[in-house]
Amino acid sequence: MSPSVPLQEMIRAIRSARTQCEERGVIQRECAAIRAQFRQSDNGGRSHNLAKLLYVHMLGYPAHFGQMECVRMIASPRYSEKRVGYLGAMMLLDEKQDASLLITNSIKNDLSHSNQYVQSLALCTLACMGSAEMCRDLAPEIDRLLRASNSYIKKKAALCAVHIVRKVHDLGEMFAPAARSLLSEKNHGVLHGAVVLITELCERNLETLEKFRKAVPDLVQIMKGLVISGYSPEHDVAGISDPFLQVRILRLLRILGHNNEAASDAMNDLLAQVATNTDSTKTVGNAVLYETVLTVLDIKSESGLRVLAVNILGRFLLNNDRNIRYIAMISLQKIVGTDHNAVQRHRGTIVDCLKDQDASVKRRALDLSLALVSASNIRSMMKELLIFLSSCPLELRSQAASGIFIAAERYAPSQRWHIDTILHVLTTAGGDVRDETVPNLIQLITNASELHCYTVHKLYRALLTDISQQSLVQVACWCIGEYGDLLLRGECQETEPVQVHEDDVLDALETVLQSHMSSPATRGFALTATMKLSTRITDNVDRIRSIVSIYGSCIDVELQQRAVEYNALFKKYDHMRAAVLERMPVIEKTAPGQTNGESTGEPIKDIQSVKVKQGELLLPQPPANQVHDTNVYEKDGVTLTMSCEKQSATGLTVTLTASNSTESDISSLTLQAAVPKSVQLHMKAPSGDSLPARGAAKVTQMVVLNNPNKVGLTRIRISYSSQGSAFQDTIQIDAFPGLSAAGH
Amino acid sequence: MIKAILIFNNHGKPRLIRFYQYFAEDMQQQIIRETFHLVSKRDDNVCNFLEGGSLIGGSDYKLIYRHYATLYFVFCVDSSESELGILDLIQVFVETLDKCFENVCELDLIFHMDKVHYILQEVVMGGMVLETNMNEITTQVDVQNRMEKSEGGLSAAPARAVSAVKNMNLPEIPRNINIGDINIKVPSLSPF
């Protein structure tokens, strides 16, 4: 290799710097020298300077002053300068920089250069950082190169075409015929590029996918050639002939065969052959096998083949190599929805992987275990998951905790088991659970009325051992406050009876109140619990009174307010105290508030008992029989206006108008509505589904409601895509103006 | 699609960084630091796949890495690439480097960073795998290097030296120097 001497000297100088400061000094001097040399027009060592600049850039120092130099170097006739210039362009420029426009012309000229290596440089740069305009300009050139050039250029042109299609989706049709013809090439590099291009085209456009289905026999032929042919030294990697190409073709076959009987039939034999003939002792063999398995499971293959595929995955799962086990779990995750029973057979191995020391394997095993939980195996699985929770790495804890909660909620065999499980999770990983766990757990406890005694005893004992887990402490305080009388009575069927004195209970609550580990919310819980106990205990009411009066001068405003109010309850309203603090009624499950993107998986029209949210009416209550325009939703420039018109005593026509005030267009706009069961809903077709930018046009949709019971709680879900990403939001409407709602 | 290729040593010093998606410079350095932090924690006998790097792309992206002696080769890929395939690609890339540099070691990568980039350009282009045949890659790289050598060789230098001298602006030697009363006549010497 010819050395680049000035570059090496600079690197040596940088490496000999002993401190960061010294290194910075060396680099600053070098950069100054480079800048001076850039300013000079004719210079023999230009390529060396740019190379030095790129090295400095890799270390993290600013190098933007080299951008214009890159442009100049690219235009130079010398190959060495072009090479470095293009490399600099790929590293320093991107489509946001103005300088990138200047190289468009150079790339255009170089694409038709006589030297194929110059052409390849241009293709490489275009594929790396070509902007949409550049791609549009140069697409015909690329198409020409795809058809008529040598194989070295063809393969590069194919990948360049992939980049173009990614940037400018419409140009896909231009490349389809050329891609088709490339499939008959012999050169593996070109074949590889062609397959990648066809994959990209099929993924983007359904019609292209239909057209390329006819190419399935050709692809099968190529694969057969690779699998059956003897040893070919140039493509061999550990005994398999060009595994990279095999993997690519299998992936394309998967896309073509998905949901299509005819194409799937054509590939059945081939897949069976590959699955049985491939040597699985090396990683390359496993890569091909893995891809085959994924393809078999994704197309409409015959059942014998599917069984073979799942068996191969099972074998992977037992492999010693952790990489293979990881891969197997990823693919099992993909099929756990469709072939649930097949995956259940391997449950034991997967649960064992939870104990593996590798964090990546653990993560996959956790996801898969949570997906495999079902009503029949809930008890054993939960045992394993709880063991895992106590020893799992920190980054997985919140995921594990929420997964356990969801599983417990769905498949709990008994209420006591459910409460036990949640308590266990709170004691092991209380700090990592979500905030809504506390109200959910409280609601669960109030519903299990026969277990109140058991629960409060257990929680009291947990509180005595550890007060650092905030969620647990909050729930414990609440329960002690509510069911303190059961606690003090001492008798309980489910646990051993233990005599708890009033002083002990008040001590525990006071410890929580005073501890520095308690958050303000927790202390609020504790204070309220102490207050509630004043009606449930007999002897120490004075003690409670003194505790409450102390907190009347607390710095925390919330605590202070509570304490002052409780004090007033003691002094002025003592006759009402018992009534105010009596046991709470069973809480119904309220509809969750406005949640963004949190999907629980249930269809939005299927809501059971939906209660009205108290106190928070989004809309004013104007007099009836008027048409009102109210803004129900305004976020990110998207506005939804609602206008109601009363048709009859119970009927209402609502017109929803959506408008877009952002700079970019919005497409695929859909509105869905969910109403309580007593209301009849009829949604008419919307006027359109796209909102051009800056409010150029609006979309309207009419909704007819028939509401005999006059209780109205509607949820509207708005979803749209803007700038390539999807958005979803839920709006809750408590009352429709124009419909008199009695009984709110 | 391959989002980035990073090579750094056991202490986190970058030896080669190639991003196939635009990131600002400070973002690039942060990604290198975060990747090093994640990768260096791993034991040698665990699997080569890492998830959880939030800076570089989020949930769809994985880090596939291999540890050779003092260097970590890290490829950041999304779900469209076969994981085991990328693992083999790293092997092919390292073997190609070995062939081009004759028993490659970290020093070769340090001092010939641009050459390593040119080799990488033959393997991965625009975030997609271009060529996996080692012989093909080394042949092409050799031809290009020979082209570069032939251009900047000694033959070009004398012509440039002559043109440089010709463009040198030597000051004119005055024939008569007149300072006050003194008159000096400068003899004309033959130009050398």
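Before any of the text, the structure's been laid out above.
The structure presented is a predicted model; accordingly, all values stated were derived computationally and were not measured.

Asks: Could you give me a rundown of the pattern of salt bridges, with the residues and numbers involved?
Replies: Residue and element names in this part refer to chain A. A full pass over the atoms with the stated rule returns 38 salt bridges over all chains. Across the pair Arg-325 and Asp-356 runs a salt bridge, and its minimum N-O distance is 3.2 Å. Within this pair, whereas Arg-325 is found in helix α18 (residues 322–335), its partner Asp-356 is found in the loop between α20 (347–353) and α21 (359–372), the two being separated by 31 residues in sequence. The buried category is assigned to Arg-325, whose relative accessible area is 16%. Its salt-bridge partner being Glu-482, residue Lys-532 comes within 3.1 Å of it at the nearest N-O pair. Here Glu-482 lies in helix α27 (residues 470–489) and Lys-532 lies in helix α29 (residues 520–536), a separation of 50 residues in the sequence. Considered together, Lys-532 and Glu-482 belong to a single accessibility category, that of buried residues. Where salt bridges share partners, they join Asp-503, Asp-507, Glu-510 and Arg-543 into one cluster.

Asks: Outline the sheet that holds strand β1 (residues 2–9) of chain B, supporting the account with residue identities and numerical values.
Replies: Residue and element names in this part refer to chain B. Pairing is antiparallel in the open sheet, where five strands are placed in the order β2-β1-β5-β4-β3. A strand with exactly one partner marks an edge of an open sheet, and here the two such strands are β2 (14–19) and β3 (49–51). Strand-to-strand twist in this sheet, taken as the mean axis angle between neighbours without regard to direction, amounts to 20°. Both strand β4 (residues 62–68) and strand β5 (residues 71–77) contribute to a ladder of seven bridges, which runs antiparallel. Bridge pairing in β5 places Arg-66 opposite Phe-73. Lying on the sheet, helix α2 (residues 83–101) is in contact with β1, β3, β4 and β5; it crosses β4 at an angle near 35°.

Asks: How would you explain helix α23 (residues 394–411) of chain A if you had to name every residue and give the values?
Replies: Residues and elements named next belong to chain A. For α23, built from 18 residues, the straight-helix expectation of 26 Å at 1.5 Å per residue is met to within 8% by its first-to-last C-alpha distance of 26 Å. Among the residues of α23, Leu-396, Arg-397, Ala-400, Ala-401, Ser-402, Gly-403, Ile-404, Phe-405, Ala-407 and Ala-408 are the ones counted as buried. Its buried side turned inward, α23 meets α21, α22 (378–391), α24 (415–429) and α25 (437–447).

Asks: Give me the lowdown on the sheet that holds strand β9 (residues 714–722) of chain A, citing residues and values where you can.
Replies: All names here are of chain A. Judged by pairing direction, the sheet is antiparallel, and its three strands sit side by side in the order β6-β9-β10 without closing on themselves. At either margin of the open sheet sits one strand with a lone partner, and together these are β6 (666–674) and β10 (725–733). Averaged over all pairs of adjacent strands, the angle between strand axes in this sheet comes to 15°, irrespective of strand direction. In this structure, β6 lies alongside β9, joined through seven bridges in antiparallel fashion. Bridged to Leu-671 within β9 is Ile-718.

Asks: Pulling in residues and values, what's your account of the interface of chain A and chain B?
Replies: Contacts between chain A and chain B engage 74 residues on the former and 65 residues on the latter. In this structure, the connection of chain A to chain B is made through eight salt bridges. Note that Arg-248 of chain A is salt-bridged to Glu-81 of chain B, the shortest N-O span being 3.2 Å. In this structure, the connection of chain A to chain B is made through 21 residue pairs in polar contact (both at pLDDT 80 or more). With eight residues, the top contributor of residues to the side of chain A that touches chain B is helix α9 (residues 151–167) of chain A. Residue classes in the side of chain A that touches chain B are distributed as 37 nonpolar, 18 polar and 19 charged.

Calculation criteria
Residues numbered from 1 in each chain as written. Chains lettered and ligands numbered in written order. Predicted model: local features only at pLDDT ≥ 70, side-chain atom pairs only at ≥ 80, totals over all residues. Heavy atoms only, no water. Salt bridge = Lys/Arg side-chain N within 4 Å of Asp/Glu carboxyl O. Helix = DSSP H or I, 4+ residues; strand = E, 2+ residues; numbered from the N terminus. Buried < 20%, exposed > 50% of the residue type's maximum accessible area, 1.4 Å probe, protein only. Pairing = 2+ DSSP bridges. Axes fitted to C-alpha atoms, helices over the stretch in contact; angles between N-to-C directions. Contact = heavy atoms within 4.5 Å. Expected span 1.5 Å × (residues − 1). Polar contact = N/O pair within 3.5 Å; in protein donor to acceptor, adjacent residues only side chain to side chain. Nonpolar A, V, L, I, M, F, W, Y, C, P; charged D, E, K, R; others polar.

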